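Spelled out from the first residue to the last, the chains are:
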Amino acid sequence: MTLVAPTATTVGGPALPQERRLVTSIPGPRSQELMARKAEAVAAGVGTTIPVSVVAAGGGVIVDADGNSIIDLGSGIAVTGVGNSNPRVVEAVTAQLNAFTHTCFTVAPYDGYVSVAEKLNELTPGDHAKRSALFNSGAEAVENAVKIARHYTKKQAVVAFDHAYHGRTNLTMGLTAKNIPYKSGFGPFAPEVYRAPLSYPFRDGGLSGAEAAARAILQIEKQVGAENLAAIIIEPIQGEGGFIVPAPGFLPALVKWANENDVVFIADEVQTGFGRTGAWFASEHEGIVPDVIVTAKGIAGGLPLSAVTGRAEIMDSAMAGGLGGTYAGSPIACAAALAAIESYREDGLIERAREIGTVLIGRLNALRTADARIGDVRGRGAMVAIELVDPATGAPDAALTGKLAAYAAQHGVLVLTCGTYGNVIRFLPPLTISDELLIEGLGVIAEGLKQA
Ligand SMILES: *Cc1c(COP(=O)(O)O)cnc(C)c1O
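Residues numbered from 1 in each chain as written. Predicted model: local features only at pLDDT ≥ 70, side-chain atom pairs only at ≥ 80, totals over all residues. Heavy atoms only, no water.

A. Summary view of the domain arrangement of the protein. Domain annotation of the protein identifies domain 1 (8-82 + 348-451) and domain 2 (89-346). Its C-alpha centre places domain 1 at a distance of 26 Å from the equivalent point of domain 2. Facing the 40 residues of domain 1 at the interface are 34 residues of domain 2. In total, about 2900 Å² of surface goes out of reach between domain 1 and domain 2, with carbon and sulfur atoms giving 60% of it. (Domains from an automatic or database assignment. Contact = heavy atoms within 4.5 Å. Buried area = accessible area lost by both parts, 1.4 Å probe.)

B. Layout of the packing of aromatic side chains. Throughout the structure, instances matching the rule amount to nine aromatic pairs. On the basis of an interplanar angle of 5 degrees and a centroid distance of 3.7 Å, the ring pair of Phe-105 and Tyr-113 is categorised as stacked. In this pair, the class of Phe-105 matches that of Tyr-113, namely buried. Ring plane angle 90 degrees and centroid distance 6.2 Å describe the contact between Phe-274 and Trp-280, whose orientation is recorded as edge-to-face. For the pair Phe-274 and Trp-280, one class covers both residues: buried. Here the aromatic residues Phe-100, Phe-105, Tyr-110 and Tyr-113 are joined through ring pairs into a cluster of three or more. (Phe/Tyr/Trp six-rings, centres within 6.5 Å; stacked < 30°, edge-to-face > 60°. Buried < 20%, exposed > 50% of the residue type's maximum accessible area, 1.4 Å probe, protein only.)

C. A look at unusual backbone geometry. Here the residue pair Ile-180 and Pro-181 is connected by a cis peptide bond, since its omega of 10 degrees sits within 30 degrees of zero. Along the polypeptide, Pro-181 turns up in the loop between helix H7 (170-175) and strand S6 (193-196). For the bond running from Gly-187 to Pro-188, omega is 5 degrees, close enough to zero to count as cis. Tracing the chain through its elements places Pro-188 in the loop between H7 and S6. In this structure, Asp-262 takes a positive phi of about 55 degrees despite not being glycine. Tracing the chain through its elements places Asp-262 in the loop between helix H9 (250-260) and strand S8 (264-268). Judged by its relative accessible area of 45%, Asp-262 falls in the partly exposed class. A positive phi angle, close to 55 degrees, is found at Phe-274, a residue other than glycine. Mapped onto the fold, Phe-274 is located in the loop between S8 and strand S9 (292-295). (Helix = DSSP H or I, 4+ residues; strand = E, 2+ residues; numbered from the N terminus.)

D. Molecular detail of the environment of Phe-243. Mapped onto the elements of the fold, Phe-243 is located in the loop between strand S7 (229-234) and H9. Classification of Phe-243 as buried rests on a relative accessible area of 0%. For the pair formed by Phe-243 and Ile-386, sequence separation is 143 residues and the distance between their alpha carbons is 8.8 Å. Beyond its immediate chain neighbours, meaning those up to four positions away, Phe-243 contacts Ile-237, Gln-238, Gln-271, Arg-378, Met-383, Val-384, Ala-385, Cys-418, Arg-426, Phe-427 and Leu-428.

E. Molecular detail of the site of the ligand. Residues in close proximity to the ligand include Ser-137, Gly-138, Ala-139, Tyr-165, His-166, Gly-167, Glu-235, Asp-268, Val-270, Gln-271 and Lys-297, which together make up its full environment. At 2.7 Å from a nitrogen atom of the ligand is found a side-chain nitrogen or oxygen belonging to Asp-268. Considered on its own, the ligand offers 380 Å² of accessible surface; in the complex 83% of this is hidden by protein. Among the residues forming the shell around the ligand, the class breakdown is three nonpolar, five polar and three charged. (Near = heavy atom within 4 Å. Polar contact = N/O pair within 3.5 Å; in protein donor to acceptor, adjacent residues only side chain to side chain. Areas by Shrake-Rupley, 256 points an atom, 1.4 Å probe, with all protein chains shown as cover. Nonpolar A, V, L, I, M, F, W, Y, C, P; charged D, E, K, R; others polar.)

F. Spotlight on the pairing of strand S12 (residues 383-388). In terms of burial, S12 is a largely internal element, six of the six residues being buried. Residues of S12 alternate between two faces, with Met-383, Ala-385 and Glu-387 on one and Val-384, Ile-386 and Leu-388 on the opposite face, all of them buried. As judged from the six bridges shared by strand S11 (residues 374-380) and S12, these two strands associate in the antiparallel manner. Looking at the pairing, Gly-379 lines up with Val-384 of S12. Here S11 folds back onto S12 in antiparallel fashion, the turn holding two residues, of which Gly-381 has a positive phi close to 60 degrees. In terms of strand pairing, S12 meets strand S15 (residues 424-427) through four bridges, oriented antiparallel. Counterpart to Ile-386 in the pairing with S15 is Ile-425. (Pairing = 2+ DSSP bridges.)

G. The pairing of strand S5 (residues 157-161), seen in detail. The buried fraction of S5 amounts to five of the five residues, a majority that puts the element mostly inside the structure. Where S5 and S7 come together, three bridges link them in parallel fashion. Counterpart to Val-159 in the pairing with S7 is Ile-232. In terms of strand pairing, S5 meets S6 through four bridges, oriented parallel.

H. The arrangement of the sheet that holds S7 in detail. Taken together, the seven strands give an open sheet; going across it, the order is S4-S10-S9-S8-S7-S5-S6, and neighbouring strands pair in mixed fashion. Every other strand in the sheet has two partners, leaving strand S4 (130-135) and S6 as the edge strands with one partner each. Between one strand axis and the next, the sheet turns through 20 degrees on average, direction left out of account. Across six bridges, S4 lies against strand S10 (residues 306-311) in antiparallel orientation. (Axes fitted to C-alpha atoms, helices over the stretch in contact; angles between N-to-C directions.)

Right, dumping it as C-alpha coordinates:
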(Lines give C-alpha, C1' and ligand atoms only; values in the text may rest on other atoms or scores of the structure.)
Protein backbone atom coordinates (compact mmCIF):
# COMPACT_ATOMS: atom_id res chain seq x y z
CA MET A 1 0.00 0.00 0.00
CA THR A 2 2.33 2.70 -1.21
CA LEU A 3 2.27 5.92 -3.11
CA VAL A 4 3.33 6.16 -6.69
CA ALA A 5 6.41 7.64 -8.25
CA PRO A 6 5.10 10.74 -10.04
CA THR A 7 5.85 9.40 -13.52
CA ALA A 8 3.57 6.41 -13.13
CA THR A 9 0.41 8.50 -12.85
CA THR A 10 1.40 11.20 -15.29
CA VAL A 11 2.53 8.80 -18.02
CA GLY A 12 0.35 5.80 -17.37
CA GLY A 13 -3.11 7.17 -17.19
CA PRO A 14 -5.71 8.66 -14.90
CA ALA A 15 -4.41 9.75 -11.53
CA LEU A 16 -5.60 6.63 -9.77
CA PRO A 17 -4.10 6.01 -6.34
CA GLN A 18 -1.22 3.66 -7.04
CA GLU A 19 -1.95 1.12 -4.36
CA ARG A 20 -3.07 -2.42 -3.74
CA ARG A 21 -6.38 -2.08 -1.97
CA LEU A 22 -8.82 -4.85 -1.15
CA VAL A 23 -12.19 -3.76 0.18
CA THR A 24 -14.02 -7.02 -0.63
CA SER A 25 -12.88 -10.53 -1.38
CA ILE A 26 -12.22 -11.13 -5.09
CA PRO A 27 -14.63 -11.30 -6.79
CA GLY A 28 -16.71 -8.79 -4.82
CA PRO A 29 -20.51 -8.63 -5.21
CA ARG A 30 -20.52 -6.35 -8.27
CA SER A 31 -17.87 -8.43 -10.00
CA GLN A 32 -19.82 -11.59 -9.17
CA GLU A 33 -22.87 -10.04 -10.77
CA LEU A 34 -20.93 -9.35 -13.98
CA MET A 35 -19.47 -12.85 -14.03
CA ALA A 36 -22.98 -14.30 -13.67
CA ARG A 37 -24.18 -12.19 -16.61
CA LYS A 38 -21.09 -13.19 -18.58
CA ALA A 39 -21.89 -16.87 -18.06
CA GLU A 40 -25.37 -16.29 -19.51
CA ALA A 41 -24.37 -13.98 -22.36
CA VAL A 42 -20.81 -14.75 -23.46
CA ALA A 43 -19.58 -17.93 -25.14
CA ALA A 44 -17.87 -20.21 -22.63
CA GLY A 45 -14.79 -20.45 -24.86
CA VAL A 46 -14.00 -16.84 -24.01
CA GLY A 47 -12.25 -17.38 -20.67
CA THR A 48 -11.05 -14.82 -18.12
CA THR A 49 -7.97 -14.75 -15.88
CA ILE A 50 -9.38 -12.77 -12.97
CA PRO A 51 -13.11 -12.59 -12.21
CA VAL A 52 -13.53 -8.82 -11.81
CA SER A 53 -15.56 -6.05 -13.37
CA VAL A 54 -13.00 -3.42 -14.41
CA VAL A 55 -13.99 0.24 -14.16
CA ALA A 56 -10.62 2.02 -14.40
CA ALA A 57 -6.93 1.30 -14.92
CA GLY A 58 -3.72 3.28 -15.07
CA GLY A 59 -0.11 3.43 -13.93
CA GLY A 60 0.21 -0.05 -12.47
CA VAL A 61 -3.27 -0.78 -11.16
CA ILE A 62 -6.67 -2.05 -12.29
CA VAL A 63 -9.70 -0.90 -10.26
CA ASP A 64 -12.86 -3.00 -10.09
CA ALA A 65 -16.52 -2.09 -9.57
CA ASP A 66 -16.31 -3.06 -5.90
CA GLY A 67 -13.50 -0.56 -5.27
CA ASN A 68 -10.63 -3.06 -5.19
CA SER A 69 -7.34 -1.84 -6.65
CA ILE A 70 -5.31 -4.67 -8.13
CA ILE A 71 -1.63 -4.57 -9.05
CA ASP A 72 -1.38 -5.24 -12.78
CA LEU A 73 1.51 -7.54 -13.70
CA GLY A 74 -0.04 -8.55 -17.03
CA SER A 75 -0.67 -5.35 -19.07
CA GLY A 76 -3.62 -7.02 -20.81
CA ILE A 77 -1.05 -9.47 -22.22
CA ALA A 78 1.82 -7.09 -22.94
CA VAL A 79 -0.41 -4.46 -24.55
CA THR A 80 -0.43 -1.47 -22.22
CA GLY A 81 3.30 -0.84 -22.19
CA VAL A 82 2.59 2.91 -22.14
CA GLY A 83 -0.01 2.40 -19.43
CA ASN A 84 -3.77 2.44 -19.57
CA SER A 85 -5.26 5.62 -20.96
CA ASN A 86 -1.86 7.20 -21.45
CA PRO A 87 -2.53 10.96 -21.73
CA ARG A 88 -0.67 11.26 -25.05
CA VAL A 89 -2.80 8.42 -26.46
CA VAL A 90 -6.04 9.81 -25.06
CA GLU A 91 -5.38 13.23 -26.55
CA ALA A 92 -4.42 11.89 -29.98
CA VAL A 93 -7.36 9.49 -30.13
CA THR A 94 -9.81 12.16 -29.02
CA ALA A 95 -8.59 14.54 -31.72
CA GLN A 96 -8.87 11.78 -34.32
CA LEU A 97 -12.40 10.86 -33.18
CA ASN A 98 -13.41 14.47 -33.67
CA ALA A 99 -11.83 14.58 -37.15
CA PHE A 100 -13.06 11.27 -38.65
CA THR A 101 -13.43 7.67 -37.47
CA HIS A 102 -13.09 5.71 -40.70
CA THR A 103 -12.72 5.94 -44.43
CA CYS A 104 -11.00 2.58 -45.05
CA PHE A 105 -7.37 3.23 -45.97
CA THR A 106 -7.65 1.20 -49.17
CA VAL A 107 -10.58 3.39 -50.25
CA ALA A 108 -9.53 6.90 -49.16
CA PRO A 109 -6.13 7.06 -47.46
CA TYR A 110 -4.96 9.31 -44.63
CA ASP A 111 -1.77 10.55 -43.00
CA GLY A 112 -1.84 8.47 -39.79
CA TYR A 113 -1.47 5.13 -41.57
CA VAL A 114 1.47 6.33 -43.65
CA SER A 115 3.10 7.92 -40.59
CA VAL A 116 2.86 4.65 -38.64
CA ALA A 117 4.40 2.79 -41.60
CA GLU A 118 7.24 5.34 -41.72
CA LYS A 119 7.87 4.94 -37.98
CA LEU A 120 7.88 1.14 -38.20
CA ASN A 121 10.28 1.21 -41.14
CA GLU A 122 12.56 3.48 -39.14
CA LEU A 123 12.40 1.66 -35.77
CA THR A 124 12.61 -1.99 -36.81
CA PRO A 125 16.06 -3.61 -37.13
CA GLY A 126 18.06 -3.14 -40.36
CA ASP A 127 18.72 -0.07 -42.50
CA HIS A 128 17.55 -1.63 -45.79
CA ALA A 129 14.55 -0.22 -47.68
CA LYS A 130 11.35 -1.34 -45.96
CA ARG A 131 7.61 -1.26 -46.41
CA SER A 132 4.84 -1.85 -43.88
CA ALA A 133 1.20 -2.92 -44.06
CA LEU A 134 -1.20 -2.49 -41.15
CA PHE A 135 -3.87 -4.83 -39.79
CA ASN A 136 -6.02 -5.23 -36.67
CA SER A 137 -4.75 -8.19 -34.65
CA GLY A 138 -1.54 -10.10 -34.18
CA ALA A 139 -2.99 -13.20 -35.80
CA GLU A 140 -4.13 -11.23 -38.84
CA ALA A 141 -0.65 -9.76 -39.26
CA VAL A 142 0.97 -13.21 -38.94
CA GLU A 143 -1.38 -14.54 -41.64
CA ASN A 144 -0.39 -11.67 -43.91
CA ALA A 145 3.32 -12.15 -43.27
CA VAL A 146 2.95 -15.76 -44.43
CA LYS A 147 0.87 -14.71 -47.46
CA ILE A 148 3.55 -12.22 -48.46
CA ALA A 149 6.42 -14.68 -47.97
CA ARG A 150 4.64 -17.26 -50.13
CA HIS A 151 3.90 -14.76 -52.85
CA TYR A 152 7.48 -13.51 -52.89
CA THR A 153 9.27 -16.89 -52.80
CA LYS A 154 6.65 -18.74 -54.89
CA LYS A 155 7.02 -21.52 -52.32
CA GLN A 156 4.44 -22.84 -49.84
CA ALA A 157 5.87 -24.52 -46.75
CA VAL A 158 6.17 -22.66 -43.45
CA VAL A 159 8.18 -23.79 -40.44
CA ALA A 160 7.14 -22.85 -36.90
CA PHE A 161 8.75 -24.06 -33.69
CA ASP A 162 7.94 -26.18 -30.67
CA HIS A 163 6.09 -24.12 -28.00
CA ALA A 164 5.21 -21.45 -30.58
CA TYR A 165 2.17 -19.23 -30.27
CA HIS A 166 1.06 -17.24 -33.30
CA GLY A 167 -2.69 -16.78 -32.79
CA ARG A 168 -6.13 -18.35 -32.98
CA THR A 169 -7.22 -17.97 -36.63
CA ASN A 170 -7.05 -21.06 -38.81
CA LEU A 171 -3.55 -20.60 -40.23
CA THR A 172 -2.15 -19.26 -36.95
CA MET A 173 -3.73 -22.12 -34.95
CA GLY A 174 -1.80 -24.43 -37.20
CA LEU A 175 1.39 -22.49 -36.51
CA THR A 176 0.69 -22.54 -32.76
CA ALA A 177 2.09 -25.60 -30.98
CA LYS A 178 -0.09 -26.15 -27.92
CA ASN A 179 -3.14 -28.38 -28.30
CA ILE A 180 -5.31 -27.45 -25.31
CA PRO A 181 -6.81 -24.86 -25.26
CA TYR A 182 -5.78 -23.48 -28.64
CA LYS A 183 -6.34 -26.30 -31.13
CA SER A 184 -8.21 -29.27 -29.76
CA GLY A 185 -11.31 -29.93 -31.85
CA PHE A 186 -10.82 -26.83 -34.02
CA GLY A 187 -9.20 -28.53 -37.00
CA PRO A 188 -8.58 -29.28 -39.79
CA PHE A 189 -5.60 -26.96 -39.90
CA ALA A 190 -3.97 -25.35 -42.91
CA PRO A 191 -1.56 -27.56 -44.87
CA GLU A 192 2.17 -26.99 -45.42
CA VAL A 193 2.91 -26.06 -41.82
CA TYR A 194 5.86 -27.91 -40.28
CA ARG A 195 7.37 -27.82 -36.81
CA ALA A 196 11.02 -27.67 -35.80
CA PRO A 197 12.70 -28.06 -32.40
CA LEU A 198 13.48 -24.91 -30.42
CA SER A 199 16.41 -23.96 -28.26
CA TYR A 200 15.02 -24.28 -24.70
CA PRO A 201 18.07 -24.01 -22.44
CA PHE A 202 16.27 -25.13 -19.26
CA ARG A 203 14.95 -28.32 -20.88
CA ASP A 204 17.19 -29.30 -23.78
CA GLY A 205 20.15 -30.59 -21.84
CA GLY A 206 22.19 -27.45 -22.31
CA LEU A 207 22.52 -27.51 -26.09
CA SER A 208 24.36 -24.41 -27.27
CA GLY A 209 22.56 -22.03 -29.60
CA ALA A 210 24.63 -23.29 -32.53
CA GLU A 211 23.88 -26.94 -31.68
CA ALA A 212 20.15 -26.30 -31.28
CA ALA A 213 20.10 -24.41 -34.59
CA ALA A 214 21.96 -27.23 -36.36
CA ARG A 215 19.41 -29.71 -35.00
CA ALA A 216 16.51 -27.57 -36.24
CA ILE A 217 18.09 -26.94 -39.65
CA LEU A 218 18.85 -30.63 -40.18
CA GLN A 219 15.24 -31.50 -39.43
CA ILE A 220 13.97 -28.77 -41.77
CA GLU A 221 16.26 -29.91 -44.58
CA LYS A 222 15.34 -33.58 -44.15
CA GLN A 223 11.59 -33.17 -43.58
CA VAL A 224 10.67 -30.11 -45.66
CA GLY A 225 13.53 -29.03 -47.95
CA ALA A 226 14.61 -25.43 -48.50
CA GLU A 227 13.34 -25.63 -52.09
CA ASN A 228 9.78 -25.95 -50.71
CA LEU A 229 10.11 -23.56 -47.79
CA ALA A 230 8.69 -20.03 -48.03
CA ALA A 231 9.31 -18.91 -44.47
CA ILE A 232 10.51 -19.66 -40.99
CA ILE A 233 8.47 -17.90 -38.32
CA ILE A 234 9.69 -17.58 -34.76
CA GLU A 235 9.19 -15.46 -31.65
CA PRO A 236 12.62 -14.15 -30.59
CA ILE A 237 11.49 -14.85 -27.02
CA GLN A 238 8.48 -17.11 -26.88
CA GLY A 239 5.44 -15.64 -25.18
CA GLU A 240 2.58 -18.07 -24.48
CA GLY A 241 5.02 -20.95 -24.90
CA GLY A 242 6.74 -20.06 -21.64
CA PHE A 243 8.95 -16.98 -22.06
CA ILE A 244 11.66 -19.19 -23.49
CA VAL A 245 14.82 -17.28 -24.34
CA PRO A 246 16.81 -19.32 -26.87
CA ALA A 247 20.51 -19.90 -26.22
CA PRO A 248 22.75 -17.20 -27.72
CA GLY A 249 23.55 -17.91 -31.35
CA PHE A 250 20.37 -19.88 -32.09
CA LEU A 251 18.51 -17.05 -33.84
CA PRO A 252 21.53 -15.74 -35.81
CA ALA A 253 22.22 -19.24 -37.16
CA LEU A 254 18.62 -19.60 -38.33
CA VAL A 255 18.71 -16.17 -39.98
CA LYS A 256 21.94 -17.04 -41.78
CA TRP A 257 20.53 -20.33 -43.05
CA ALA A 258 17.29 -18.64 -44.19
CA ASN A 259 19.23 -15.91 -46.02
CA GLU A 260 21.37 -18.49 -47.81
CA ASN A 261 18.37 -20.58 -48.85
CA ASP A 262 15.88 -18.03 -50.20
CA VAL A 263 13.67 -18.55 -47.14
CA VAL A 264 11.96 -15.51 -45.59
CA PHE A 265 12.84 -15.16 -41.91
CA ILE A 266 9.79 -13.80 -40.06
CA ALA A 267 10.21 -12.57 -36.48
CA ASP A 268 6.90 -12.63 -34.61
CA GLU A 269 7.48 -9.73 -32.22
CA VAL A 270 3.81 -9.35 -31.35
CA GLN A 271 4.55 -9.90 -27.64
CA THR A 272 8.24 -8.92 -27.46
CA GLY A 273 8.00 -5.72 -29.49
CA PHE A 274 7.73 -2.07 -28.53
CA GLY A 275 10.11 -1.75 -25.64
CA ARG A 276 8.87 -4.74 -23.69
CA THR A 277 12.27 -6.43 -23.49
CA GLY A 278 14.28 -3.24 -22.93
CA ALA A 279 14.92 -2.63 -26.64
CA TRP A 280 12.48 -1.52 -29.30
CA PHE A 281 12.48 -5.12 -30.59
CA ALA A 282 13.84 -8.32 -29.03
CA SER A 283 15.64 -9.18 -32.29
CA GLU A 284 18.13 -6.46 -31.33
CA HIS A 285 19.44 -8.44 -28.35
CA GLU A 286 20.78 -11.08 -30.72
CA GLY A 287 21.77 -8.60 -33.41
CA ILE A 288 19.53 -10.25 -35.99
CA VAL A 289 17.85 -8.48 -38.89
CA PRO A 290 14.63 -10.30 -39.77
CA ASP A 291 13.40 -10.12 -43.37
CA VAL A 292 9.89 -9.53 -42.04
CA ILE A 293 8.80 -8.50 -38.57
CA VAL A 294 5.28 -8.78 -37.18
CA THR A 295 4.12 -6.39 -34.46
CA ALA A 296 0.90 -5.76 -32.53
CA LYS A 297 0.13 -5.78 -28.77
CA GLY A 298 2.29 -2.94 -27.40
CA ILE A 299 2.03 -0.86 -30.57
CA ALA A 300 -0.97 1.39 -29.87
CA GLY A 301 -1.61 1.85 -26.15
CA GLY A 302 -4.48 -0.63 -26.11
CA LEU A 303 -6.16 0.10 -29.42
CA PRO A 304 -6.35 -2.74 -31.94
CA LEU A 305 -3.52 -2.42 -34.45
CA SER A 306 -0.92 -4.75 -35.94
CA ALA A 307 1.68 -4.52 -38.66
CA VAL A 308 3.90 -6.43 -41.04
CA THR A 309 7.17 -4.66 -41.82
CA GLY A 310 9.78 -6.08 -44.15
CA ARG A 311 12.27 -5.75 -46.94
CA ALA A 312 10.79 -3.60 -49.70
CA GLU A 313 11.27 -6.25 -52.41
CA ILE A 314 9.43 -8.86 -50.34
CA MET A 315 6.62 -6.57 -49.19
CA ASP A 316 6.07 -5.10 -52.66
CA SER A 317 5.69 -8.52 -54.23
CA ALA A 318 1.94 -8.81 -53.58
CA MET A 319 -0.35 -7.14 -56.12
CA ALA A 320 -2.44 -4.06 -55.24
CA GLY A 321 -5.62 -5.22 -53.54
CA GLY A 322 -3.92 -8.39 -52.29
CA LEU A 323 -3.36 -6.92 -48.84
CA GLY A 324 -5.71 -4.94 -46.64
CA GLY A 325 -8.95 -5.15 -44.73
CA THR A 326 -11.92 -2.94 -43.94
CA TYR A 327 -10.62 -1.73 -40.59
CA ALA A 328 -6.92 -2.48 -41.13
CA GLY A 329 -4.89 0.50 -39.96
CA SER A 330 -7.88 2.34 -38.55
CA PRO A 331 -7.20 6.08 -38.24
CA ILE A 332 -8.03 5.94 -34.53
CA ALA A 333 -5.60 3.08 -33.88
CA CYS A 334 -2.94 4.84 -35.98
CA ALA A 335 -3.33 8.04 -33.96
CA ALA A 336 -2.93 5.94 -30.81
CA ALA A 337 0.17 4.21 -32.18
CA LEU A 338 1.89 7.48 -33.06
CA ALA A 339 1.20 8.79 -29.55
CA ALA A 340 2.32 5.52 -27.95
CA ILE A 341 5.58 5.53 -29.93
CA GLU A 342 6.15 9.11 -28.78
CA SER A 343 5.54 8.03 -25.19
CA TYR A 344 7.97 5.07 -25.40
CA ARG A 345 10.54 7.54 -26.71
CA GLU A 346 9.90 10.73 -24.76
CA ASP A 347 8.94 9.18 -21.44
CA GLY A 348 11.97 6.90 -21.27
CA LEU A 349 9.88 3.74 -21.21
CA ILE A 350 12.38 1.47 -22.95
CA GLU A 351 14.95 2.32 -20.32
CA ARG A 352 12.21 1.78 -17.75
CA ALA A 353 11.67 -1.76 -19.12
CA ARG A 354 15.32 -2.51 -18.39
CA GLU A 355 14.99 -1.17 -14.84
CA ILE A 356 11.87 -3.27 -14.29
CA GLY A 357 13.82 -6.28 -15.56
CA THR A 358 16.57 -5.66 -13.04
CA VAL A 359 14.04 -5.57 -10.20
CA LEU A 360 12.19 -8.65 -11.46
CA ILE A 361 15.26 -10.81 -12.15
CA GLY A 362 16.99 -9.75 -8.93
CA ARG A 363 14.02 -10.47 -6.68
CA LEU A 364 12.96 -13.66 -8.45
CA ASN A 365 16.50 -15.06 -8.39
CA ALA A 366 16.64 -14.37 -4.66
CA LEU A 367 13.39 -16.33 -4.28
CA ARG A 368 14.79 -19.13 -6.40
CA THR A 369 17.89 -19.47 -4.25
CA ALA A 370 15.64 -20.13 -1.26
CA ASP A 371 13.04 -22.28 -3.02
CA ALA A 372 13.97 -25.17 -5.31
CA ARG A 373 10.44 -25.27 -6.76
CA ILE A 374 11.48 -22.30 -8.90
CA GLY A 375 13.46 -24.21 -11.50
CA ASP A 376 14.29 -21.28 -13.74
CA VAL A 377 14.10 -17.48 -13.84
CA ARG A 378 14.38 -16.08 -17.35
CA GLY A 379 13.47 -13.26 -19.67
CA ARG A 380 14.58 -9.79 -20.66
CA GLY A 381 13.40 -6.39 -19.56
CA ALA A 382 9.80 -6.31 -18.44
CA MET A 383 9.20 -9.81 -19.84
CA VAL A 384 10.31 -12.22 -17.15
CA ALA A 385 9.02 -15.58 -15.95
CA ILE A 386 9.56 -18.31 -13.40
CA GLU A 387 9.20 -21.98 -14.29
CA LEU A 388 7.83 -24.05 -11.41
CA VAL A 389 8.95 -27.66 -11.02
CA ASP A 390 9.06 -30.62 -8.70
CA PRO A 391 12.49 -30.08 -7.11
CA ALA A 392 13.20 -33.82 -6.99
CA THR A 393 12.53 -34.61 -10.64
CA GLY A 394 12.40 -31.28 -12.48
CA ALA A 395 8.93 -32.25 -13.73
CA PRO A 396 6.67 -29.27 -14.51
CA ASP A 397 4.36 -28.35 -11.61
CA ALA A 398 1.21 -26.94 -13.20
CA ALA A 399 -0.82 -27.46 -10.02
CA LEU A 400 1.49 -25.23 -7.96
CA THR A 401 1.43 -22.66 -10.78
CA GLY A 402 -2.37 -22.56 -10.79
CA LYS A 403 -2.48 -22.27 -6.99
CA LEU A 404 0.05 -19.46 -6.97
CA ALA A 405 -1.78 -17.46 -9.66
CA ALA A 406 -5.07 -17.93 -7.79
CA TYR A 407 -3.47 -16.86 -4.50
CA ALA A 408 -2.10 -13.75 -6.18
CA ALA A 409 -5.51 -12.85 -7.67
CA GLN A 410 -7.23 -13.28 -4.30
CA HIS A 411 -4.63 -10.99 -2.78
CA GLY A 412 -4.94 -8.24 -5.36
CA VAL A 413 -2.15 -9.10 -7.80
CA LEU A 414 -2.90 -10.01 -11.40
CA VAL A 415 -0.38 -12.43 -12.93
CA LEU A 416 -0.66 -14.57 -16.05
CA THR A 417 0.45 -18.15 -16.45
CA CYS A 418 1.84 -19.67 -19.64
CA GLY A 419 3.97 -22.49 -20.99
CA THR A 420 3.34 -25.70 -22.88
CA TYR A 421 3.25 -27.51 -19.51
CA GLY A 422 1.23 -24.76 -17.78
CA ASN A 423 3.97 -24.30 -15.19
CA VAL A 424 5.22 -20.79 -15.93
CA ILE A 425 4.21 -17.56 -14.20
CA ARG A 426 5.01 -14.55 -16.34
CA PHE A 427 5.54 -10.98 -15.29
CA LEU A 428 4.58 -8.37 -17.87
CA PRO A 429 3.84 -5.17 -15.94
CA PRO A 430 2.96 -1.91 -17.65
CA LEU A 431 6.20 0.06 -18.10
CA THR A 432 4.49 2.83 -16.10
CA ILE A 433 4.34 0.79 -12.89
CA SER A 434 6.28 2.13 -9.89
CA ASP A 435 9.03 0.08 -8.24
CA GLU A 436 7.01 0.16 -5.01
CA LEU A 437 3.99 -1.54 -6.59
CA LEU A 438 6.15 -4.01 -8.49
CA ILE A 439 8.00 -5.02 -5.32
CA GLU A 440 4.76 -5.27 -3.39
CA GLY A 441 3.35 -7.54 -6.11
CA LEU A 442 6.42 -9.77 -5.97
CA GLY A 443 6.05 -9.88 -2.18
CA VAL A 444 2.57 -11.35 -2.64
CA ILE A 445 4.02 -13.97 -5.00
CA ALA A 446 6.67 -14.85 -2.41
CA GLU A 447 4.01 -15.18 0.30
CA GLY A 448 1.88 -17.30 -2.03
CA LEU A 449 4.79 -19.65 -2.65
CA LYS A 450 5.28 -20.00 1.10
CA GLN A 451 1.61 -20.87 1.64
CA ALA A 452 1.30 -23.25 -1.31
C1 LIG B 1 -0.74 -12.55 -28.88
C2 LIG B 1 0.16 -13.07 -29.92
C3 LIG B 1 -0.28 -13.29 -31.23
C4 LIG B 1 -1.72 -13.10 -31.63
O5 LIG B 1 -2.13 -11.77 -31.49
P6 LIG B 1 -3.71 -11.45 -31.44
O7 LIG B 1 -3.76 -9.96 -31.45
O8 LIG B 1 -4.21 -12.04 -30.16
O9 LIG B 1 -4.31 -12.07 -32.62
C10 LIG B 1 0.63 -13.71 -32.16
N11 LIG B 1 1.92 -13.92 -31.84
C12 LIG B 1 2.37 -13.72 -30.59
C13 LIG B 1 3.81 -13.94 -30.30
C14 LIG B 1 1.52 -13.31 -29.58
O15 LIG B 1 1.96 -13.14 -28.34
